[in-house]
Each structure stands twice: as structure tokens, then as C-alpha cells.
Amino acid sequence: MSFRAVQQGTVAEAEEYEEVEYEDDEEYDEEDDEEVDEDEEEEEDFDGQIEEVDEESEDEPMQHFAPARAQAMRTGGAASPAQTRAWGGIQNLPEPTQRSFLELLQQLKKNNKRELTVLLLGKSMMGKSSTANSLFNETVAQVTSFQQDTARPQAIKRSAHGFELTVIDTPGLLDSDCVNTSALKSIAHMLSDTPVDVVLYLDRLDFYRVERTDQEIMSAITNTLGPKIWRNTIIGLSHGKAVAPRGSTQDEYTETRVKTLRKAIRAAGAEKDAALPVAYIENSSHCTKNDAGEKVIGVNKDRRWLPELMSQVPALLLALKLTTGGCQ
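All values reported here derive from a predicted model rather than from experimental measurement. (Residues numbered from 1 in each chain as written. Predicted model: local features only at pLDDT ≥ 70, side-chain atom pairs only at ≥ 80, totals over all residues. Heavy atoms only, no water.)

## Examining the pairing of strand S9 (residues 233–238)
By the criterion of burial, S9 is predominantly enclosed, with six of the six residues buried. With burial as the criterion, each face of S9 is covered, one bearing Thr233, Ile235 and Leu237 and the other bearing Ile234, Gly236 and Ser238. Examined bridge by bridge, strand S8 (residues 198–204) and S9 share six bridges and lie parallel to one another. Counted as the bridge partner of Arg204 is Ser238 from S9. What joins S8 to S9 is helix H4 (residues 212–225), and the crossover it makes is right-handed. Bridging between S9 and strand S10 (residues 278–280) involves three bridges; their strand directions are parallel. Each residue of the ladder has a partner; that of Leu237, found in S10, is Tyr280. Following the chain from S9 across helix H5 (residues 250–267) to the adjacent parallel S10, one finds a crossover that is right-handed. (Buried < 20%, exposed > 50% of the residue type's maximum accessible area, 1.4 Å probe, protein only. Helix = DSSP H or I, 4+ residues; strand = E, 2+ residues; numbered from the N terminus. Pairing = 2+ DSSP bridges. Right-handed = clockwise from strand over helix to strand, strands pointing away.)

See below:
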């Protein structure tokens, strides 16, 4: 089920979003794309931080998130090469990760899905742009110590194996101590005619609490984009290699963090059937790698975070298809 923004009330005219195409084809360089929030975090009241089948199925198409105002299913096929650059970064992924990605594309194709659009949401310095770079394995979003945030929503598109992946990087949703309503309006303006399959809501694993401003942001997302957006949402916790504080096991800590975020999102108006699955993300070049070169996290350093994140996508879309009984 696709998602388009449900605009609650009148939304001011917003700037058009950008489709970003960088000139260079250089391979993604993790050293140049460190999450700069380790050195330049926003000064908020955070109370602590711690150290391949190709044939199509006859089944119904996978669903996007659709609004009450303009519920529509995207039915386009593979993108034209003139419109979308080839996804070169997929060829440079570690071999096991590459296989996982190809299996994902095959699963989606079996369900008549040849396009996937992922929307990144969250405050500044949560790792949205770094996650976009990790997903493509290319430097598609600039991340520097001198760039506070992307100025407006940016749609980055790549195609491979007859499949098109679009990742929408967005401005941070906190401006000083207030919700960045301008950013939300620009996102709503874009989504009014751009279907989104999956929303990745970024926060950090190594923050203890949900602050007042976090709750206000979640409520503003619900009010501006509509409560159904949360049905298509995966909670992405960056700094996924963070270690639990003293006196708590890793499982206890992560479970508490996830429960707190889910509770806050539901309090902000998410529908009861929103599953809100969780994925752990670690974009840092200092992340431990296994013998195949894949970044791994977890107590035993055995969780391949990028394939785990991508495996959530078909599971979420299938769950939406089953619970809604087809496109709406």
C-alpha cells in the first residue's frame, strides 16, 4: 500500500524537491562519510549517551502507503535509463550482501514490484544522509562537518537488474527546540504526488530517553502526513554498535529503547495495526567487519546490519498486503 501525504488543513506552498545526481561516479568512501554527529551533536536535553527468479507472479501487487485524498497505486515498470542512473554501488558490495540485495529484488519482483521508494525521516544528526549512502554503497548524499542538514527533500534514484530504488533524504525535523514545520510542509508537498513504500524513521540507539521534542515531532508527522504513515514505518536506530550502560545487558537495553520509541509513536497517533519493526544501523567506518567485509554489530559481532535492514522491507510490505486485503 503506497503512502501519499494526507494534508491536514492548508499547507503553505513549499519548494519543489530535488532529484539529486552527483557528477562523479566514485565509489562510496566510508572515511569521507562518517556520521558527524559524534563530534557535533545538537545541544538538546539528552540525559546520557553511552559509549534470483525474474518471473512475475499473478498475485496482487505489493502495496504503498496511500492518502485519503489521493489513494493510487504506482504501476510503472522499470525506469528508463535516460531518467535513472545505473546502480553501480551494488556491484561493489561484499558478495554476501550483494546476494542478499539480489534476493530482495527477486522477492519484490515476484510480487509485481519493480520500483521501491524509501523515505528517510528524523531529526538532524541521526544519520539519514549516511544511511542513504550505505544503502546505495555510493556517495549520493553529502555528509560534512560544515553541512547542518539537507536543505529540502532530495530524491536519489538508481536502477539495477530491471529494478529502480529511490531513497528520499529529507531535512531534519527539529529547528532549535521546535518542530521544523517548514521541512514537514516541503515533505508533504513532495509526497502529495510521490508514492512511498517504506518510511525509515531514524533515531539513535545510544540515547536513553524520548524527549518532549521527540514526541512533538512524532505528533507533527502524524498531523501533517497522516496517521497511516506509521503502518509503513521501520524504526531505524543508528549507532547500532553502541554498548549498553553499566548494569544493563545489551538485550535489556535495546528492548527498553525500542519499547519507549514504539510507545511514543503510538501516543502520537499511529494506528493500532502499525507493527513498527526495528532495524539497527551502523554507518561508521570504524564498525567491525566480518571476513567477507560486511559491517557487523551485536554482542557477538555476528549481525550483518545492512542485509538485516533490507530484509525488513518485503516482510513489511507483505504484512501490509495481508492486513489490508489489497490496494486501497
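## Digging into empty space enclosed by the protein
Space inside the second largest cavity adds up to approximately 60 Å³. Forming the boundary of the second largest cavity are Val118, Leu135, Val198, Leu200, Ile234, Leu309, Met310 and Val313. Listed by contribution, the elements that provide at least two residues to the lining of the second largest cavity are S8 and helix H6 (305–324). (1 Å grid on protein atoms, 1.4 Å probe; cavity = no way out; pocket = protein on both sides within 12 Å on 5 of 7 lines; lining within 4 Å. Points joined across faces, edges and corners; volume = space filled by probe spheres on them.)

## What to know about the packing of aromatic side chains
Two measures describe an aromatic ring pair: the distance that separates the ring centres and the angle between the ring planes. This model, assessed by the stated rule, comprises four aromatic pairs. With centroids separated by 5.9 Å and ring planes inclined at 75 degrees, the aromatic side chains of Trp87 and Phe136 adopt a geometry described as edge-to-face. Here Trp87, found in the loop between strand S2 (85–86) and helix H1 (95–110), pairs with Phe136, found in helix H2 (residues 128–136); they are 49 residues apart in sequence, far enough to count as distant. Using a relative accessible area of 0% as the deciding quantity, one classes Phe136 as buried. Taken together, the aromatic side chains of Trp87, Phe101 and Phe136 make up a single cluster linked through ring pairs. Taking NZ or CZ as reference, Arg158 lies 6.0 Å from the ring centre of Phe136, over its face. (Phe/Tyr/Trp six-rings, centres within 6.5 Å; stacked < 30°, edge-to-face > 60°. Lys NZ or Arg CZ within 6 Å of the ring centre and 35° of its normal.)

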